[in-house]
Amino acid sequence: MDIFFKNSQLQKTFNSYERLMKKHGQKRAKLITKRLSELQAMPDLSFVNKLPQLRCHELKGNRKGQLAVDLDHPYRLIFSVAYDPPPRKEDGGLDWSRVEAIQIEGVEDYHD
């Protein structure tokens, strides 16, 4: 899967383990790096279900159009489909099997 970033600052942070550790701490930096590697190794987003520890899910409300995978509770790696419009199934749901590129939006605890 191709991985893009919301902006150049985010890309610099995610592409430097030192910057990730400074911003998120060692534990979360390791998880972020692992999640990016796992996502990058997938041919498309439908493979995410083969790794249940990711707990990938579509977000709702004001985060509609974004997805998240688990990091350390309560933090999540937030991303969106890198296509506009995203590929859809006949029922209107996201066609995960046709998503071959994502855009990283950030790391957050969106439960607050």
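No experiment lies behind these values; they were computed from the predicted model shown.

Enquirer: Please explain the overall build of the chain as it appears in this structure.
Expert: Within the chain, the regular secondary structure consists of 2 helices and 5 strands. Ordered by position in the sequence, the α and β elements of the chain form the string β-α-α-β-β-β-β. Considering only C-alpha atoms, the chain reaches an extent of 45 × 30 × 25 Å along its principal axes. For the chain, the proportion of its 112 residues judged to be buried stands at 44%. Taking as baseline every contact in the chain between residues at least 6 positions apart, the subset at least 24 positions apart corresponds to 50%.

Enquirer: I would appreciate a short explanation of the pattern of salt bridges in the present structure.
Expert: Should their charged atoms come close, side chains of opposite charge can pair. In this structure the tally under the stated criterion is 6 salt bridges. A salt bridge links Arg 35 to Glu 38, with the shortest nitrogen-to-oxygen separation between them at 3.1 Å. Here Arg 35 pairs with Glu 38, and both are found in helix H2 (residues 17-41), just 3 residues apart, close to one helical turn. Judged on exposure class, the residue Arg 35 and its partner Glu 38 are both buried. Via salt bridges that share partners, Arg 55, Asp 70 and Arg 76 belong to a single interconnected network.

Enquirer: For this particular structure, what's the right way to read the packing of aromatic side chains?
Expert: Each aromatic ring pair is characterised by the separation of its centres together with the angle its planes make. Throughout the structure, instances matching the rule amount to 1 aromatic pair. Positioned above the aromatic ring of Tyr 75, the side-chain terminus of Arg 28 is 3.6 Å from the ring centre.

Each value, and the rule that gives it
- Every chain begins its residue count from 1, and numbering advances along the sequence as written.
- In keeping with the predicted nature of the model, local features appear solely for residues at pLDDT of at least 70, side-chain atom pairs appear and are counted solely at 80 or more, and the whole-chain, interface and lining totals rest on all residues.
- Remark: hydrogens and water are excluded; side-chain values derive from all non-hydrogen atoms of the structure.
- What counts as a helix is a DSSP run of H or I of at least four residues, what counts as a strand is a run of E of at least two, and both are numbered from the N terminus.
- Only protein chains enter the accessibility calculation, which uses a 1.4 Å probe; a residue is then buried when its area is under 20% of its type maximum, exposed when over 50%, and partly exposed in between.
- In what follows, residue pairs with any heavy atoms lying within 4.5 Å of each other are defined as contacts.
- Counted as salt bridges are all cases of a side-chain nitrogen of Lys or Arg within 4 Å of a carboxyl oxygen of Asp or Glu.
- Under the pairing criterion, centres of Phe, Tyr and Trp rings, with the six-membered ring standing for Trp, must be within 6.5 Å; the plane angle then separates stacked pairs below 30 degrees from edge-to-face pairs above 60, leaving the rest tilted.
- Remark: a charge is flagged as sitting over a ring if the NZ atom of Lys or the CZ atom of Arg is within 6 Å of the ring centre and within 35 degrees of the ring normal.

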